[in-house]
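As a plain string of letters, each chain reads:
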Amino acid sequence: MAAVQVVGSLPSGQLREAPRDAIPEGGNGFRRLSARLCALRPDDSSSARTEIHLLFDQLISENYSEGSGVAPEDVSALLVQACRLVPLNQNHLVSKVSQLIHHLLNRLQVIVDEQRLDFLLAYTISAIHQCSSWTHMEILQALAALVYCNGSKCQKYLPELLGKTGLLMKLSDLAQSDPEVRRAAVHCMANLCLSVPGQPYLEEPYQNVCFQAFLTILQSPKSSDMDDITFCMLLQNALKGIQSLLNGGRMKLTQTDELGALLAVLKKFMFHGLPGLNIEMPMVLYPTPLPQYDGRTPIKPQQSESSASRPTLNKKKKSKVKPKKIQQGEEEEKESSGEIEAAPVTGTGRVNLHEGNTWCPSSLGVQSLPLDGSGAAGKDGVSSPFSSSSWKRVSSSESDFSDAEGGMQSKMRSYQAKVRQGALVCFLSTIKSIEKKVLYGYWSAFIPDTPELGSPQSVSLMTLTLKDPSPKTRACALQVLSAILEGSKQFLSVAEDTSDHRRAFTPFSVMIASSIRELHRCLLLALVAESSSQTLTQIIKCLANLVSNAPYDRLKLSLLTKVWNQIKPYIRHKDVNVRVSSLTLLGAIVSTHAPLPEVQLLLQQPCSSGLSNSNSATPHLSPPDWWKKAPAGPSLEETSVSSPKGSSEPCWLIRLCISIVVLPKEDSCSGSDAGSAAGSTYEPSPMRLEAFSNLPKDRQILCITVLLGLNDSKNRLVKAATSRALGVYVLFPCLRQDVIFVADTANAILMSLEDKSLNVRAKAAWSLGNLTDTLIVNMETPDPSFQEEFSGLLLLKMLRSAIEASKDKDKVKSNAVRALGNLLHFLQPSHIEKPTFAEIIEESIQALISTVLTEAAMKVRWNACYAMGNVFKNPALPLGTAPWTSQAYNALTSVVTSCKNFKVRIRSAAALSVPGKREQYGSVDQYAGIWNALVTALQKSEDTRDFLEFKYCASLRTQICQALIHLLSLASASDLPCIKETLELNGNMVQSYILQFLKSGAEGDDTGAPHSPQERDQMVRMALKHMGSIQAPTGDTARRAVMGFLEEILAVCFDSSGSQGALPGLTNQ
């Protein structure tokens, strides 16, 4: 499919000059054949052509195992030599050398260097122009392998490839007669669009050309001369190309028609080949609150293959009967075997899980679902759809096709599933590239709604979750749904169905409420039906996202109760990831805003509710109930029955969480993939931090040595985990003052910051932030030896790396700017005086200013403002006189007045109140600009369209008031006219907020503002005392006006507190 799927993981230091006896057989064979090929000279004789043919065949058939010892540059050199030996008039040899290029680059995972790439690209492009059309497919495959991860190095060939009359544009056109050539050309375009971090993106004109080409392919029907598998591969390549443009190229979909056309084809291909479903979509989806039409052709009952639904719904029988196919555990076999006969998928888009009226999905609730999480019939004899005799396995003898036909059907279903997965992954990239407010215009196109009685339900992401036979596709659909739900609280807040609406139309609020109810119903159905642990984890994460954003106080009761009772059994699931996500979901339920009576009742339930069925036939749940055992007295089972609701017995959820933290891990609860590379990174608790210091010295050294050694690992997952572990170690009190260890750790982290893997760079940036925090902690100790011994060259290196990291993706950038702030705070006068530091300091501050102003994630901007405050704390920096002073203050004042995120505003106001001397605020105009910006920010402190920001209004006003009083306590005589002018215009507003500031107590902000009223009162008194000490010119009224303003504030504050005493020193200043 893709030319080279894992080229990016090629180790940079592969074995090149291994001893003769250590070179694997594959490496020996390659070297022998390469030497023979390099010894040849261009010769047009028949014997020479025969020898070249033979050598190419031997090179292609050679067994290249992993770690064969073949160096990438040797492969590139061989391919250049092979092309030099083959003239373009020899079609058969050109075809063979193209096969060789494709095979070696794929098999050995080689990315060709720029110099040789130039030669090979020129050769393959000329070959397409000059050779017969039957060779084009092989040549295009070679071209795709060459340009993979090399798009930025192909700039000079882009006009010839992607121009109006470019090769790839002509060969990928609908008029192209050969479907295989068309598919290969689209494959080349998709590989060209693939970007590598740190390298230039494809230029915007070419991005648009490729996007339109991919979109045209997705919108066009399958031609009559193209077989189904080739069509699937063509679709996959087009989807992969669009995904690369949205991810790496950072392409923005700004036109409504463009976005609507893409969403229409993505929705169409999400269901491509899904058994029992065939939908027709309009060319463009438009944003609308109403469900949009999607036509479905009726499915004939006799089509047994098309009527196969979710094979996983039979999973509950596995505890009794274990068919051999299930034991193999192969996803491809599950996707393609067609072994389960389900109720036919009707045009309504519902899953028909019931026979007759024994159980109805629409009434899913606590009573209708087994509390132990199993699908088998419970002890009370309630029938379950998952043990119904209607779910039968189809044997090979019942199949309507022969073995050969069955193999083709299996292959076909596998390719169709990959198209569905490609469409979903592309949709996920689309969601990340557009604003949420734009995305929610298409809510009804992808999210289910409760249908009216007798009317069909439109197909949605939940259709895939409930019906798709592939666990991987179901997981992809759930990831997309989670991405849509994430941050949807404001959109969903309009939902309301607490009262019955009897109107001629359905209000939008009721439609959204109906959609929320349907999501609950479908996700709980999927929860019970799922057999794959990985997909089960995604279902629970999706539920947690839904619970975190739904406005339950505006919805009818019982939604949370159903989720609560359904999720309880999964906290004892055998898979650790399922257990973790289950606890996350329970936490989301408990955290629902405005403590709901429904949640309070759930917490008062007996601990055994839903968990006591230890004899359940559910194969996923492990039996131990160690956490339920009471420390003394009667068992919890007995207590829970006899205790009243007001009992002092701790909530079972609290006891569970404490038990998980305190008690040792039991083997029976260990996750099936707990040790997998994809598992979460280990983070030691404070107890373990202290435990390290109690280790013998030799064990401590061993731990450090192993970690520093593992940082050179070629495995990206190991390297990422090592980087994070070093970031934890550097915080250990027993290590952070060890200059050698800190320096070694810094060098290791800086090396990881240059890794190609975003995950490694993100972990390294986090660790660099921790390391620089350690520098600040060490700077605050009485002993100056650490600062004196720490290398200035290493500081320079750290600053340069942090500057580069601040240009990376948000995951890296947020910690890179934190590190920059700490490093600039740490710099000593001896460093700043050196010319080598002057330029790097300027660059560092410009990087921070740029990040403060950029439209990045709010976490990034918050960290940048925090870092700027740290910079201002260094008295050795020329703050106030340096050219960057005004830029830094202007950036912060811009944020404090206009940033839509109030936490970022709070942090910028805190940074503005850091400088401790008047001269550090610069000129009179600069000071006036800061003062006016803070007053404006105070005036706009309640102006927000996002109701979630209102809870930060009080903290924002507190910080701004503190900053204003701080500025008053440093003001000079020349600053007073500006202050007086502002107070004349907005004095009442400022006074009212400062009075609130003085009367309020601690508000939980983390900005360092004084918390007690006494401290705040003292701040105003100090500002008043400073005003009294200013030597103002005769006849100046500004000082008197400002002092009167402060005196009035204190007088009002004292009057309201009931104090009748005079305010000393206020009247005779």
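Residues numbered from 1 in each chain as written. Predicted model: local features only at pLDDT ≥ 70, side-chain atom pairs only at ≥ 80, totals over all residues. Heavy atoms only, no water.

**Quick word on the overall build of the protein chain**
Step number 1: A count of helices and strands for the protein chain gives 45 helices and 4 strands.
Step number 2: For the protein chain, contacts bridging at least 24 residues in sequence account for 76% of all contacts bridging at least 6.
Step number 3: Surface exposure of the protein chain reaches about 47700 Å², of which carbon and sulfur atoms provide 53%. (Helix = DSSP H or I, 4+ residues; strand = E, 2+ residues; numbered from the N terminus. Contact = heavy atoms within 4.5 Å. Areas by Shrake-Rupley, 256 points an atom, 1.4 Å probe, with all protein chains shown as cover.)

**Remarks on helix α32 (residues 758-779)**
Step number 1: Relative to the 32 Å expected for 22 residues at 1.5 Å per residue, α32 spans 31 Å between its end C-alpha atoms, a close match to the ideal helical length.
Step number 2: Among the 22 residues in α32, 16 count as buried, and that is most of the element.
Step number 3: N-cap assignment for α32: the residue whose side-chain oxygen lies 3.3 Å from the backbone N of N759 is S757. (Expected span 1.5 Å × (residues − 1). Buried < 20%, exposed > 50% of the residue type's maximum accessible area, 1.4 Å probe, protein only. Polar contact = N/O pair within 3.5 Å; in protein donor to acceptor, adjacent residues only side chain to side chain.)

**Regarding a nonpolar patch on the surface**
Step number 1: On the surface, a cluster of nonpolar side chains totalling about 490 Å² of accessible area is made up of I654, I658, I660, V661 and V662.
Step number 2: Secondary-structure assignment places V661 in helix α27 (residues 652-662). (Patch = residues over 30% accessible without salt bridge, like charges linked within 9 Å, V, L, I, M, F, W, Y side chains within 5 Å. Salt bridge = Lys/Arg side-chain N within 4 Å of Asp/Glu carboxyl O.)

**Examining the environment of G869**
Step number 1: Secondary-structure assignment places G869 in helix α38 (residues 858-872).
Step number 2: Sequence separation between G869 and G821 is 48 residues, and the spatial gap between their C-alpha atoms is 7.7 Å.
Step number 3: With sequence-adjacent residues up to four places away left out, G869 is seen in contact with A911 and V914.

**Regarding the pattern of salt bridges**
Step number 1: Taken as a whole, this structure holds 18 salt bridges when the rule is applied.
Step number 2: Measuring nitrogen to oxygen at the nearest pair gives 2.6 Å for the salt bridge that ties R761 to D808. With R761 in helix α32 and D808 in the loop between α34 (792-805) and α35 (810-826), this pair connects stretches of sequence that are 47 residues apart. Residues R761 and D808 agree in their burial class; the two are buried.
Step number 3: Look at the salt bridges and you will find they share partners, linking R716, K719 and D755 into a network.

**Re the confidence of the model for the protein chain**
Step number 1: Across the protein chain, the average pLDDT comes to 76, with 74% of residues at or above 70.
Step number 2: Residue range residues 609-647 is modelled with pLDDT below 50. Its contacts to residues more than four positions away, or to other chains, number 78 contacts.
Step number 3: Taken as a whole, residues 1059-1069 scores under 50 in pLDDT and shows 13 contacts with residues more than four places along the chain or in a different chain. (pLDDT = per-residue confidence, 0-100.)

**Considering the packing of aromatic side chains**
How two aromatic rings sit relative to each other is given by the distance of their centres and the angle of their planes.
Step number 1: One pass over the full model with this rule turns up 12 aromatic pairs.
Step number 2: Each ring, one from F427 and one from F446, has its centre 4.5 Å from the other, and the planes form 35°; the classification is tilted. Within this pair, whereas F427 is found in helix α15 (residues 403-433), its partner F446 is found in helix α17 (residues 443-446), the two being separated by 19 residues in sequence. Across the pair, F446 and F427 agree in class, each one buried. (Phe/Tyr/Trp six-rings, centres within 6.5 Å; stacked < 30°, edge-to-face > 60°.)

**Let's talk about unusual backbone geometry**
Step number 1: Of note in this structure, Q109 is not a glycine but carries a positive phi near 55°.
Step number 2: Looking at where Q109 falls in the secondary structure, it is placed in the loop between α4 (91-107) and α5 (114-130).

**Let's talk about helix α3 (residues 72-85)**
Step number 1: For α3, with 14 residues, the first-to-last C-alpha span of 20 Å sits near the 20 Å given by 1.5 Å per residue.
Step number 2: By the criterion of burial, α3 is predominantly enclosed, with 10 of the 14 residues buried.

**Looking at the packing of helix α37 (residues 835-853) against helix α39 (residues 884-898)**
Step number 1: Contact geometry for α37 and α39: axes closest at 9 Å, N-to-C directions at 20°. Between α37 and α39, the angle falls in the class roughly parallel. By crossing handedness, the relation of α37 to α39 is classed as left-handed. Contact with α37, carried on its side by E842, I845, Q846, I849, V852 and L853, involves W884, Q887, A888, A891, S894 and V895 of α39 and no other residues of that element.
Step number 2: Classifying every residue of the contact of α37 with α39 by side-chain character gives 8 nonpolar, 3 polar and 1 charged. (Axes fitted to C-alpha atoms, helices over the stretch in contact; angles between N-to-C directions. Parallel < 35°, antiparallel > 145°, perpendicular 65-115°, else oblique. Left-handed = near helix turned anticlockwise from the far one by under 90°. Nonpolar A, V, L, I, M, F, W, Y, C, P; charged D, E, K, R; others polar.)

**Considering the side chain of S581**
Step number 1: Summarising the element assignment, S581 is placed in helix α24 (residues 576-590).
Step number 2: Here the side chain of S581 touches N577 through a polar contact of 2.9 Å, landing on its backbone oxygen.
Step number 3: Leave out the neighbours within four places in its chain, and S581 touches T537, I540 and K541.

**Let's talk about the nonpolar core**
Most often, soluble globular proteins have nonpolar side chains that are buried together.
Step number 1: L140, L162, L168, F214, M270, W443 and I484 are the most contacted members of the largest nonpolar core, which totals 176 residues.
Step number 2: For this core, the element with the most residues is helix α11 (residues 228-247), which contributes 11 residues.
Step number 3: Core analysis: the next-biggest nonpolar cluster, separate from the first, contains 121 residues, L735, I849, I906 and L938 among them. (Core = buried A, V, L, I, M, F, W, Y, C linked by side-chain atoms within 4.5 Å.)

**Quick look at the state of the cysteines**
Step number 1: Inspection of every chain in the model, using the stated rule, returns 0 disulfides.
Step number 2: Cysteine C193 shares no disulfide, and the gap to the nearest cysteine sulfur, in C210, comes to 3.8 Å.
Step number 3: On the accessibility criterion, C193 (4% relative accessible area) is buried. (Disulfide = S-S within 2.5 Å.)

**Considerations on the packing of helix α29 (residues 697-710) against helix α30 (residues 716-729)**
Step number 1: Packing of α29 against α30 brings their axes to within 9 Å, and their N-to-C directions diverge by 140°. When the axis of α29 is compared with that of α30, the two are oblique. Along this stretch, α29 crosses α30, giving a crossing that reads as left-handed. Contacts from C703, I704, L707, L708 and L710 of α29 reach α30 at V718, T722, A725, L726 and Y729.
Step number 2: Counted by class, the contact of α29 with α30 contains 9 nonpolar, 1 polar and no charged residues.

**Topic: the side chain of N549**
Step number 1: Mapping N549 onto the fold places it in helix α22 (residues 533-549).
Step number 2: Among the polar contacts listed, one links the side chain of N549 to the backbone nitrogen of K489, at a separation of 3.2 Å.
Step number 3: Among all residues touching N549, those that are not within four sequence positions of it are L485, E486, G487, S488, K489 and L492.

**Brief notes about the environment of S941**
Step number 1: Along the chain, S941 turns up in the loop between α41 (924-939) and α42 (953-968).
Step number 2: S941 gets classed as buried once you look at its relative accessible area, which sits at 0%.
Step number 3: For the pair S941 and S898, spaced 43 residues apart in the sequence, the C-alpha separation amounts to 10.0 Å.
Step number 4: With residues near it in sequence (within four places) discarded, S941 still touches F902, C953, L956, R957 and Y993.

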